[in-house]
Amino acid sequence: MVFSSLIFLCVFLPLTALLYYITGNRRWRNGLLIAASLVFYAWGEPGYVILLLVCGLFNYFSGLSIEKTKDRNKKKAKLVLAVSLNILILVFFKYTGFLLENLNRLLGLTVNAPDIYLPVGISFYTFKAISYVSDIYKGKITAQKSYWKFMLYISLFHHLVAGPIIRYPDIADEIDHREETPEGVRDGVRRFIAGLAKKVILSNTAAEIAGTFLDGDLSRLSVAGAWLGILLFAFRIYFDFSGYSDMAIGLGKIFGFNYGENFNYPYISKSLTEFWRRWHISLGTFFRDYVYIPLGGNRRHIIRNLLVVWLLTGLWHGASWNFILWGLFNFVFIVIEKKLLKGFLERIPGLFSRIYFVIVTLIGWAFFYFTDTARLLVFVGALFGTSGRSFIDPDARIIFENNCVFIMICILACTPILKYLAGITERKIEERSKLAAGIQNIGQPFAYTVVFIVSLVFLVSQTYNPFLYFQF
């Protein structure tokens, strides 16, 4: 089940919220959320619910065992065991086929890869489990004594299948002592609707247009067509994943949980380094705190540490060479920015640093998009006009002219301009009369209702709209 499905929007979420709020006892509310989360997961992954429960049970007892162990060496050994088994589970389901395929090529073998279906969300809930046992080892948190409360953290449907990567300290207190308020529900509903609109109106539309450029005969693609196609893919992946994060944050608020932001307008960055502080924040901070800093961080072997982090980041996104190349691409440019362009991008006019950032980022998204290396090379050639390509072709011109308003909307939605203007409007209304404030109180719910209805109309007209990060 996905957030942007009619069954979730019209049945699952309303029913879960209704049962939740007619249940007054905190224990029963937690139990309801666990049951709802397992149903949510089982809707598309019935066989892998057992895997989720077993992984939860293993990490629950690992946390208790690590906490009660006093001998430092034994404590560390138990942490290594817990982390290793979590990684092995992830590797088995996600990378077995990829590893066997490459071993066959390298050694000339013909070993058939087993038919292993990737469990949805495994990349996210294994990382949550790793952060949990690691934080217990470091003494940052105490182990949860209740298995079912721990499972609430691991399996909560808000962030189960596509993040954000919520850490246990973020919601430890809210498991027992969260506060559900009308204001929280209102804000949560609005945030959810905003995320839904990002996904079904902006992301899905951008994906459809991008496909006309990126999925066809790349040898005939013009320079302008190549850049326009990858720009639209950049919109698609941002509105897809940030939209999902908005929906997850909104769902949390509806049920009394407060999750941190996962995106902070990454496309207004002036460098790739800044971009990765703003994009998928929960993943970036995970690799920073559990990989980069333990390796030595900025204190020693910085280049090596960055290489390890970016290789792992690429692999985390998928079992394919293009994701490894994408990780290495980011590694190279971040090292260049740290060693050669340090301070330069901040001193030059913002327009030029942003042009640099946009060019580098869009080229990077090409590595992310094309799983076929041969098609990737042809596309990169199109970006730079090799093989005598035309600058623009009639099809690209027509598509741009027909969608220029949509592209401008996407550009604006990638910036805080709309949020800033909305804030100014709200302040001016508050400074005026009570009548104006009353009109605002009526107008905002009406506007969100219209956006929700339009999103439903888009959903009905679209046959399939999975979240891009479900495959990771």
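Note that the structure is predicted; figures quoted are calculated from it, not measured.

> Can you explain the overall build of the protein chain? Please cite residues and give values.
In terms of helices and strands, the protein chain carries 19 helices and 0 strands. The C-alpha radius of gyration computed for the protein chain amounts to 24 Å, which stays within 12% of the reference 23 Å derived for 472 residues, consistent with globular compactness. In terms of principal-axis extent, the alpha carbons of the protein chain reach across some 75 × 65 × 45 Å. Burial status across the protein chain gives 52% buried among its 472 residues. Look at the contacts in the protein chain between residues 6 or more apart in sequence, and 76% of them connect residues 24 or more apart. Carbon and sulfur atoms make up 66% of the accessible area of the protein chain, which amounts to about 22900 Å² in all.

> Go over helix α3 (residues 49-68) with me, naming the residues and quoting the values.
Residues spaced three or four apart along an α-helix point in a common direction, a consequence of the helix completing one turn every 3.6 residues. Counted at 1.5 Å a residue, the expected span for α3 with its 20 residues is 28 Å, and the 29 Å between its end C-alpha atoms agrees. All of the buried residues along α3 are Val49, Leu51, Leu52, Cys55, Gly56, Asn59, Tyr60, Ser62, Gly63, Leu64, Ser65 and Ile66. Its buried side turned inward, α3 meets α2 (26-42), α4 (72-107), α5 (122-138) and α6 (147-155).

> Please set out a nonpolar patch on the surface residue by residue, giving values where relevant.
Judged by side-chain polarity, Leu103, Leu106, Leu107, Leu109 and Val111 come together as a nonpolar surface patch covering roughly 480 Å² of accessible area. Secondary-structure assignment places valine 111 in the loop between α4 and α5.

> Give me the lowdown on the nonpolar core, citing residues and values where you can.
Formed by 136 residues in total, the largest nonpolar core has its most connected members in Phe3, Phe8, Phe157, Leu232, Tyr267, Trp365 and Phe379. Here the element with the most residues in this core is helix α9 (residues 223-254); it accounts for 17 residues. What phenylalanine 379 contacts, discounting residues up to four positions off in sequence, is Leu214, Leu218, Leu221, Ala226, Ile230, Ala366 and Phe370.

> Just give me the short version of a positive patch on the surface, but keep the residues and values in it.
On the surface, a cluster of positive charge is made up of Arg277, Lys338, Lys339 and Lys342. Take arginine 277: it is sitting in helix α10 (residues 272-278).

> I'd love a proper account of the packing of aromatic side chains, names of residues and values included.
This structure, assessed with the given rule, holds 62 aromatic pairs. When the ring of tyrosine 20 is compared with that of phenylalanine 255, the centres are 5.0 Å apart and the planes differ by 90°; the resulting orientation is edge-to-face. Separated by 235 residues along the polypeptide, tyrosine 20 in helix α1 (residues 6-22) and phenylalanine 255 in the loop between α9 and α10 bring together distant segments of the chain. Taken as a pair, tyrosine 20 and phenylalanine 255 share a single burial class, namely buried. For the pair tryptophan 276 and tryptophan 326, a centre-to-centre distance of 5.6 Å together with 70° between the ring planes defines the contact as edge-to-face. Remark: tryptophan 326 occurs in helix α13 (residues 321-339) and tryptophan 276 occurs in helix α10; sequence separation between them is 50 residues. The ring of tyrosine 20 has arginine 29 lying over it, and the distance from NZ or CZ to the ring centre is 4.7 Å.

> Go over unusual backbone geometry with me, naming the residues and quoting the values.
Residue histidine 280 is not a glycine yet carries a positive backbone phi of 45°. Tracing the sequence through the fold places histidine 280 in the loop between α10 and α11 (281-295). For histidine 301, which is not glycine, the phi torsion reads 55° and is therefore positive. Within the secondary structure, histidine 301 sits in the loop between α11 and α12 (302-317).

> Can you break down the pattern of salt bridges residue by residue, with the values?
All told, the structure shown has 14 salt bridges when counted by the stated rule. Notably, a salt bridge pairs aspartate 187 with arginine 186, separated by 3.1 Å at the nearest N-O pair. Residue aspartate 187 is classed as partly exposed on the basis of its relative accessible area of 32%. Note that arginine 288 is salt-bridged to aspartate 289, the shortest N-O span being 2.8 Å.

> Help me get a handle on α6, residues and values and all.
A large share of α6 lies buried, amounting to 7 of its 9 residues. Listed in full, the buried residues belonging to α6 are Tyr147, Phe150, Met151, Leu152, Tyr153, Ile154 and Ser155. On its buried side, α6 packs onto α2, α3, α5 and α7 (168-177).

> Tell me what's going on with the state of the cysteines, and back it up with residues and numbers.
In this structure the tally under the stated criterion is 0 disulfides. Left without a disulfide partner, cysteine 410 is nearest to the cysteine sulfur of cysteine 414, which lies 6.7 Å away. On the basis of relative accessible area, cysteine 410 is assigned to the buried category, the value being 0%.

Parameters at a glance
- Residues numbered from 1 in each chain as written.
- Predicted model: local features only at pLDDT ≥ 70, side-chain atom pairs only at ≥ 80, totals over all residues.
- Heavy atoms only, no water.
- Helix = DSSP H or I, 4+ residues; strand = E, 2+ residues; numbered from the N terminus.
- Rg over C-alpha atoms; globule rule 2.2 N^0.38 Å.
- Buried < 20%, exposed > 50% of the residue type's maximum accessible area, 1.4 Å probe, protein only.
- Contact = heavy atoms within 4.5 Å.
- Areas by Shrake-Rupley, 256 points an atom, 1.4 Å probe, with all protein chains shown as cover.
- Expected span 1.5 Å × (residues − 1).
- Patch = residues over 30% accessible without salt bridge, like charges linked within 9 Å, V, L, I, M, F, W, Y side chains within 5 Å.
- Salt bridge = Lys/Arg side-chain N within 4 Å of Asp/Glu carboxyl O.
- Core = buried A, V, L, I, M, F, W, Y, C linked by side-chain atoms within 4.5 Å.
- Lys, Arg positive; Asp, Glu negative; His and termini not counted.
- Charge placed at Lys NZ, Arg CZ, Asp CG, Glu CD.
- Phe/Tyr/Trp six-rings, centres within 6.5 Å; stacked < 30°, edge-to-face > 60°.
- Lys NZ or Arg CZ within 6 Å of the ring centre and 35° of its normal.
- Disulfide = S-S within 2.5 Å.

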